[in-house]
Amino acid sequence: MIANKTVAFHTLGCKVNQYDTQAMRERFEEAGCRTVEFEEKADIYVVNTCTVTGTGDKKSMQTIRRCHRKNPEAAIVVTGCLAQRAADELKLPGVRLVLGTQRRGEVVQLLSQAMESDCALIAVETLRQAPFEHLMVHAHEGHTRATMKIQEGCDRWCTYCIIPSVRGPIRSRPLDEIRAEAESLADAGFKEAVLTGIHLTSYGREQHGAITLLDAIREVHAVEGIERIRLGSLEPVIVTAEFVEGIKELPKVCHQFHLALQSGSDSVLARMRRRYTSGEFLAACAMLREAFEDCALTTDVMTGFPGETEEEFAQTVDTCRKAGFARMHVFPYSEREGTKAAVMEGAVPRHIREERARQLIAVGKELERTALESRVGKEEAVLIEELDSEGFGVGYTGGYMHVRVENAQPGSIVYVMITGREDAGLTGRL
């Protein structure tokens, strides 16, 4: 019933979702399906949803309805975080299977079951004792870097965040599986591996220190053919002397570190139930910069958290300037039903949240220009990913800065002299 059908995928949200989508794509292709672009008419649509913000919910619902409009006869699979949180709300026209954040490896069998019985199937399970789902990815179409999911779940319970309830407890991928997937990706020609997880900093913590994130990085580092390792989002608490010294011994690790700030005000951080102060965050930034001359720091920042005053917002702006981020992802706070923040007093009006976000985005653009200009005249290793419309090779430095290079071919790491800045990227010559 599944073989010879066309299938299209749409992923919302984070790199973990992107990884899960690729794993499901491979399952469908193994069953004889042919993948088509999402904008095409397909027999099966798979929508991997996000529920981090209200915008994620809205986009997820809109995407599901768009699939049904494109082909009213198509079977729609809905998976991901929104499916885990609100499965019953996703019984929309065309939806045959609702998966949560487990059982993605069974997607073909479950969809076949739903289609044979000619009724919608909800296969969302409790996450209380959920194991790490042993998905395996062998390729990432159209890319020279591959995402590797090595960790699942979170137990931090920040007051604004719904993710622990839709992703479950901390589970870490075994080291031998990490090594095996890295070897498979290297054999497929990938030069860069991006290690990601729902709370990457917690890798191994449920095993009481038996393994750590450094151990996982070392497994990938030992794989011949993998030339660069990039780390996903980290908490600043991971930046210890031991961690920094460990990274210094691993030359394949990119010196771009995404440290999630969320707020630069200590009082807001306390209400968020984050486990650091702005001073501790800046100390982590300083430690990384001292260790790595070419260090690039990126971050996420939220505006308009309940009770945020003008003074607290000003403290966040000041902390961001002191940190000197190379890139910032800024977003206004969004209430999530079921979180402690959703019932806090002092809700900030939406127009103020959005105006503060605009102001902080402007600060971020200013800091990004400064970071880019600091690389002009420097030599950078650039992984060329594709050719642009003018025939220039385009790719990224270890600091995740976009570069255009003449006479550079995709799939290669080339050494480039940075000659200038353009828009949000750099230009260079071999």
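In case you missed it, the structure is sitting above this.
Here the structure is a predicted model, which means the values were calculated and not measured.

Visitor: Please explain the overall build of the protein chain as it appears in this structure.
Guide: Counting its regular elements, the protein chain contains 12 helices and 18 strands. Relative to the compact-globule value of 22 Å for 430 residues, the protein chain shows a C-alpha radius of gyration of 22 Å, a close match. For the protein chain, the spread of C-alpha atoms along the three principal axes comes to 60 × 55 × 45 Å. The contacts of the protein chain with a sequence gap of at least 6 include a subset with a gap of at least 24, amounting to 73%. Carbon and sulfur atoms form 49% of the exposed surface of the protein chain, whose accessible area is close to 18600 Å². A gap of 4 Å separates the mean positions of the 53 positive and 63 negative side-chain charges of the protein chain.

Visitor: Honestly, the sheet that holds strand β8 (residues 171-172) in this entry has me stumped. Any pointers?
Guide: Adjacent strands of a sheet pair through backbone hydrogen bonds, lying either parallel or antiparallel. Here 4 strands make up an open sheet; going across it, the order is β8-β7-β9-β10 and the pairing mixed. In this open sheet, the two strands that pair with only one neighbour each are β8 and β10 (228-231). Where strand β7 (residues 145-152) lies against β8, 2 bridges are found, and the strand directions are antiparallel. Residue pairing in the sheet places E152 in a bridge with R171 of β8.

Visitor: Explain the packing of aromatic side chains to me, please; I cannot follow it from the model alone.
Guide: Two numbers describe a pair of aromatic rings. These are the distance of the centres and the angle of the planes. By the definition in use, this model includes 8 aromatic pairs. Plain terms: the ring middles of F38 and Y45 are 5.8 Å apart, the flat faces sit at 80° to each other, and that makes the pair edge-to-face. Here F38 matches Y45 in class, with each residue buried. Relative to Y400, the ring of Y396 lies with its centre 4.4 Å away and its plane at 15°, an arrangement referred to as stacked. In this structure, Y396 and Y400 share a single accessibility class: buried. Through successive ring pairs, a cluster of aromatic residues spans Y160, F305 and Y333.

Visitor: Just to check I follow, could you spell out the pattern of salt bridges for this structure?
Guide: Two side chains carrying opposite charge are able to pair once their charged atoms lie near each other. Tallied over the full model, the rule gives 43 salt bridges. With a shortest N-O distance of 3.8 Å, K248 and E245 are connected by a salt bridge. Of this pair, K248 and E245 are both found in helix α8 (residues 241-248), 3 residues apart, which corresponds to roughly one turn of the helix. Residue E245 is classed as partly exposed on the basis of its relative accessible area, which comes to 42%. Close ionic contact of R404 with E390 constitutes a salt bridge, the shortest N to O distance being 3.4 Å. Of this pair, R404 sits in strand β16 (residues 402-405) while E390 sits in the loop between β14 (379-387) and β15 (393-397), and the two are 14 residues apart along the sequence. The network of salt bridges with common partners includes D20, R104, E133, K149, E152 and R167.

Visitor: So what exactly am I meant to see when it comes to the pairing of β15 here?
Guide: Where a strand is regular, its side chains alternate between the two sheet faces. Most of β15 is tucked away: 5 of the 5 residues are buried. By the bridge criterion, 5 bridges tie β14 to β15 in an arrangement that is antiparallel. Bridged to I384 within β15 is G395. Once β14 ends, the chain turns through 5 residues before running back antiparallel as β15, passing G391 with a positive phi of about 85°.

Visitor: Just to check I follow, could you spell out the pairing of strand β5 (residues 95-99) for this structure?
Guide: Along β5, 4 of the 5 residues are buried, which leaves the element largely enclosed by surrounding structure. Sheet analysis places strand β4 (residues 75-80) next to β5, joined by 3 bridges and oriented parallel. Directly across from V77, in β5, lies its bridge partner L97. The sheet contact formed by β5 and strand β6 (residues 121-123) spans 3 bridges and is parallel. Residue pairing for β6: L97 is matched across the bridge by L121. Once the chain exits β5 it traverses helix α4 (residues 107-117) before rejoining the sheet at β6, and the crossover so formed is left-handed.

Visitor: Would you mind going over the packing of helix α10 (residues 278-291) against helix α11 (residues 310-323) with me for this structure?
Guide: At a minimum axis separation of 10 Å, α10 and α11 run at an interaxial angle of 10°. In terms of orientation, α10 and α11 fall into the roughly parallel class. Handedness of the crossing formed by α10 with α11: right-handed. Here S278, F281, L282, C285 and R289 of α10 come into contact with α11, specifically with T319, K322 and A323.

Visitor: Please explain the environment of C81 as it appears in this structure.
Guide: Within the fold, C81 resides in helix α3 (residues 81-85). Using a relative accessible area of 6% as the deciding quantity, one classes C81 as buried. Residues C81 and G56, spaced 25 residues apart in sequence, show a C-alpha to C-alpha distance of 9.8 Å.

What counts, and where the lines are drawn
- Residues numbered from 1 in each chain as written.
- Predicted model: local features only at pLDDT ≥ 70, side-chain atom pairs only at ≥ 80, totals over all residues.
- Heavy atoms only, no water.
- Helix = DSSP H or I, 4+ residues; strand = E, 2+ residues; numbered from the N terminus.
- Rg over C-alpha atoms; globule rule 2.2 N^0.38 Å.
- Contact = heavy atoms within 4.5 Å.
- Areas by Shrake-Rupley, 256 points an atom, 1.4 Å probe, with all protein chains shown as cover.
- Lys, Arg positive; Asp, Glu negative; His and termini not counted.
- Charge placed at Lys NZ, Arg CZ, Asp CG, Glu CD.
- Pairing = 2+ DSSP bridges.
- Phe/Tyr/Trp six-rings, centres within 6.5 Å; stacked < 30°, edge-to-face > 60°.
- Buried < 20%, exposed > 50% of the residue type's maximum accessible area, 1.4 Å probe, protein only.
- Salt bridge = Lys/Arg side-chain N within 4 Å of Asp/Glu carboxyl O.
- Right-handed = clockwise from strand over helix to strand, strands pointing away.
- Axes fitted to C-alpha atoms, helices over the stretch in contact; angles between N-to-C directions.
- Parallel < 35°, antiparallel > 145°, perpendicular 65-115°, else oblique.
- Left-handed = near helix turned anticlockwise from the far one by under 90°.

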